[in-house]
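Given next are the chains, with one letter for each unit.
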Amino acid sequence: MISAFGGASIDGSAYLDVVRLARHTPGWVNGALSFWSTYGLAVFVVLAGVGWWFARRSGCAAAVTALAVPVVVLVAYGVDAMVKLVVHEERPCQVLRVKTLEACPAPGDWSFPSNHAAIAAASAVALFFVSRRLGVAAAVAAVAMAGSRVWVGAHYPHDVVAGVLEGGIVAFLLMTVVRRWSQPLGDRLRSTPLRPLVSAS
C-alpha cells in the first residue's frame, strides 16, 4: 500500500473556505470557472502558435525560440509528474470529504503539485522570451488557471503555488539556454527542408 502525504494541515482550512464560497456563487460564474479549469490550457496552445507565426518574420533565432515553447512546457510537465510520484499527496476532496464543483479524482491521482498550474506557468514564462505581450496575456491566464483549480476543488492552494513555481523555474532555465543557441540552430535549420519553420520568406 502506498502511503500518501496529507496536505490538509498546510492550508486545508483555506481550501475549505474557497470550496464553500464556490457553493454560494451564482451558477453561471461556477460554470465559466469550471469550463476554464477544464479547457483553458487550450489558450496557451493558441498563444504559442501565434507567437511562432509572428516570430518567423523576426528572424531564425526568434522562430527557434518560439518553437522551443511547447518542448519546454512538456519538460515542465514531466518534472511536475515526477514530483507527484515522489510526494504522493491525496486530493483534498478525498481527504476532507467535501463536495466540489469538479468530480473528485480517484485515490492515487496525486495532487501535489498541480499539473495545470505548472503547464500554465511554464507557458507564460516561455512566451515572455518570445513576446512580452504574449507573455503578459499568458501570465494573466496562468493566474486564472491556478486559481480555478482551487475553486473547483481539485487542489489545495499550496498545490497550485508549487505548480506555478516549478513550471516557471523550469521554463526560465530552459528558455535561457535556448536563447543562447537559437541563432546558430536557426541558421542551420534555414538551410534544410525545415526552413518554413524558421522563416516566413
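Residues numbered from 1 in each chain as written. Predicted model: local features only at pLDDT ≥ 70, side-chain atom pairs only at ≥ 80, totals over all residues. Heavy atoms only, no water.

A. Quick look at the environment of Gly-78. Here Gly-78 is to be found in helix 4 (residues 60-87). Expressed as a C-alpha distance, the spacing of Gly-78 and Glu-102, which sit 24 residues apart in the sequence, is 24 Å. (Helix = DSSP H or I, 4+ residues; strand = E, 2+ residues; numbered from the N terminus.)

B. Broad picture of unusual backbone geometry. Following Phe-112, the chain continues into Pro-113 via a peptide bond in cis, with omega recorded as -10°. Along the chain, Pro-113 falls in the loop between helix 5 (92-96) and helix 6 (115-128). One non-glycine residue, His-88, adopts positive backbone phi at about 60°. For His-88, the position within the fold is in the loop between helix 4 and helix 5. Residue class for His-88 comes out buried when judged on its relative accessible area of 17%. The phi angle at Arg-97 is positive, at roughly 50°, despite the residue not being glycine. (Buried < 20%, exposed > 50% of the residue type's maximum accessible area, 1.4 Å probe, protein only.)

C. Inspection of the state of the cysteines at higher detail. Summed over the entire model, instances satisfying the criterion amount to one disulfide. Linked covalently through their sulfurs, Cys-93 and Cys-104 form a disulfide whose S-S length is 2.1 Å. Of note, the bridge from Cys-93 to Cys-104 carries an S-S torsion of about 85° and is right-handed in sense. Here Cys-104 lies in the loop between helix 5 and helix 6 and Cys-93 lies in helix 5, a separation of 11 residues in the sequence. (Disulfide = S-S within 2.5 Å.)

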